[in-house]
Amino acid sequence: MMVTKNIVCPVCGASCDDIQVELEGQGLTVRNACKMGNAKFQEVVSPHRIKEPLVRVDGDLRRASWDEAIEMTARILANSERPLLFMGSETSTEAMEVGIHMAEFLGGIADSNSTVCHGPTTMGIQEAGRVGATAGQSKSRADLTVYWGSNPLESMPRHMSRYAVYPRGYWTQRGRFDRTVICVDPRRSITAENADLHIQLNPNTDYELLSALLTLLHGKRPHQTVEEVTGVSISEMERMLEMMKSCNYGAIYVGLGIASSYGKHRNAELAFNLVKELNSHTKFVIGALRGHCNVAGFNQIASYLYGFPFGLDFARGYPRYNPGEYTAVDVLRDRDVDAAFILSADLVSHFPAACSEYLAQIPVACIDIAPCPTTMISDVVLPGVIDAMECDGTFYRLDDVPIYFQPFTSSPFSFTESNVDTMNQIFKRVKRIKGK
Ligand code: SF4
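Read on for a plain summary of the structure. Here the structure is a predicted model, which is why all the values come from computation and not from measurement. (Residues numbered from 1 in each chain as written. Predicted model: local features only at pLDDT ≥ 70, side-chain atom pairs only at ≥ 80, totals over all residues. Heavy atoms only, no water.)

Observations regarding the site of the ligand
Around the ligand, the neighbouring residues are Cys 9, Val 11, Cys 12, Ala 14, Ser 15, Cys 16, Ala 33, Cys 34, Met 36, Gly 37, Pro 157 and Arg 158. Its atoms largely coinciding with the cavity grid, the ligand occupies the second largest cavity. Among the residues forming the shell around the ligand, the class breakdown is nine nonpolar, two polar and one charged. (Near = heavy atom within 4 Å. 1 Å grid on protein atoms, 1.4 Å probe; cavity = no way out; pocket = protein on both sides within 12 Å on 5 of 7 lines; lining within 4 Å. Sits in = over half its atoms within 2 Å of the grid points. Nonpolar A, V, L, I, M, F, W, Y, C, P; charged D, E, K, R; others polar.)

Right under this line is the structure:
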């Protein structure tokens, strides 16, 4: 029996790096992972795994040689005038990087999951700046944790136990007993049930609540109507603000409750401003609970390489950024691209129906590990290698810290070692077709 320790989980933004795996034949035992993580690890031995390349012929997907599938993918991209290259999150930053470079080469669009996830939060950072911290700093220091529009017990099950609430830190040696938890959520979520204070605001009133807190922080009283609008009394707001001002170190973790409710990036901007101003009273930081494993990675490398975090348009040969115009949902809904390449993401299941409908009409190539609605509409399906399990690479954790991962087994394919390898093979072929 082979036992491997310190494996990184490739599912959510927590990037837990303490997973223990025992692989014996077709059996896999996983320790330390949550249910979501365990389910993903079982994909290594799943009978559903896509094991060979598929290409569409006369309307049906049929088995093909690797070379044929790579050639067809490269032709789809090279023959397109404006392709969409979508990099999903459950793959390495290195694979995403090749995809972004390929988008630049082809004059296409490069985008990732953050376009339908924490994109607005990222835009809020561009507006206001962010006082951040690593997960380790908050684990050691935070005596107040605020979950705003997030429900980690269901979306990032080990966040509370690894980073934010239960672990003992250097200055929080009694773990949970040294920390206070506030949850701001319209729902009585399981996280709210476990919090010390639940601020149950009305849906879509985050902006009003944040404004009222800032007004109180400035020593003024918000207009009485804010109570009716938000469903939260001013005395409750004062209580919450007092807890925030009087802690030694506070950390807010925002979720899609902020990014996807009315106000979107303006909510995030205001939350970042509130945290900046709280630093006049005590140490306060803010970060996003990044849902998908390496969704932060795309933002990091796209910003580092091309100056913008998502939704990059290379049509003019240089990167342009305008969320709502060059972002994946918008270019598909507006039928503004003529082909798509999708890496490790099931867009057809998660995008609006009009986008999925259009994807079914244009040439699409994808890399995936298991059949899903996106593989069903694709013209080429390339088998994916599972990052962190079958190859090494880098993820960016929810706090934007790069985590290098190593595998516990190797790629099951003779034709590719990793998704980076596949991406490089495609890019090489695209260049050859284009004569460059
Ligand atoms: S919390 Fe996230 S990263 Fe950690 S084991 Fe669960 S799914 Fe994996």
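Observations concerning the pattern of salt bridges
For the structure shown, the criterion picks out 25 salt bridges. Two residues, Glu 22 and Arg 31, come together in a salt bridge whose shortest N-O distance is 2.4 Å. Salt-bridge contacts for Arg 174 lead to Asp 178; the nearest nitrogen and oxygen are separated by 3.0 Å. Judged by its relative accessible area of 23%, Asp 178 falls in the partly exposed class. (Salt bridge = Lys/Arg side-chain N within 4 Å of Asp/Glu carboxyl O. Buried < 20%, exposed > 50% of the residue type's maximum accessible area, 1.4 Å probe, protein only.)

A short note on the nonpolar core
Phe 41, Trp 148, Met 240 and Met 244 are the most contacted members of the largest nonpolar core, which has 76 residues in total. Not counting the four nearest positions on each side in its chain, Phe 41 is found in contact with Ile 7, Val 8, Cys 9, Pro 10, Ile 19, Val 21, Leu 28, Val 30, Met 389 and Phe 408. Ile 70, Ala 95, Leu 106 and Ala 365 belong to the second largest nonpolar core, which has 40 residues in total. (Core = buried A, V, L, I, M, F, W, Y, C linked by side-chain atoms within 4.5 Å. Contact = heavy atoms within 4.5 Å.)

Re the layout of surface pockets
The volume enclosed by the largest pocket comes to roughly 800 Å³. Looking at the largest pocket, it is lined by 38 residues, and the ones nearest its centre are Glu 90, Asn 113, Gly 291, His 292 and His 350. Contributing elements (two or more residues each) for the lining of the largest pocket: α16 (347-350) and β16 (364-368). Residues belonging to the lining of the largest pocket are distributed by class as follows: 16 nonpolar, 14 polar and eight charged. (Points joined across faces, edges and corners; volume = space filled by probe spheres on them. Helix = DSSP H or I, 4+ residues; strand = E, 2+ residues; numbered from the N terminus.)

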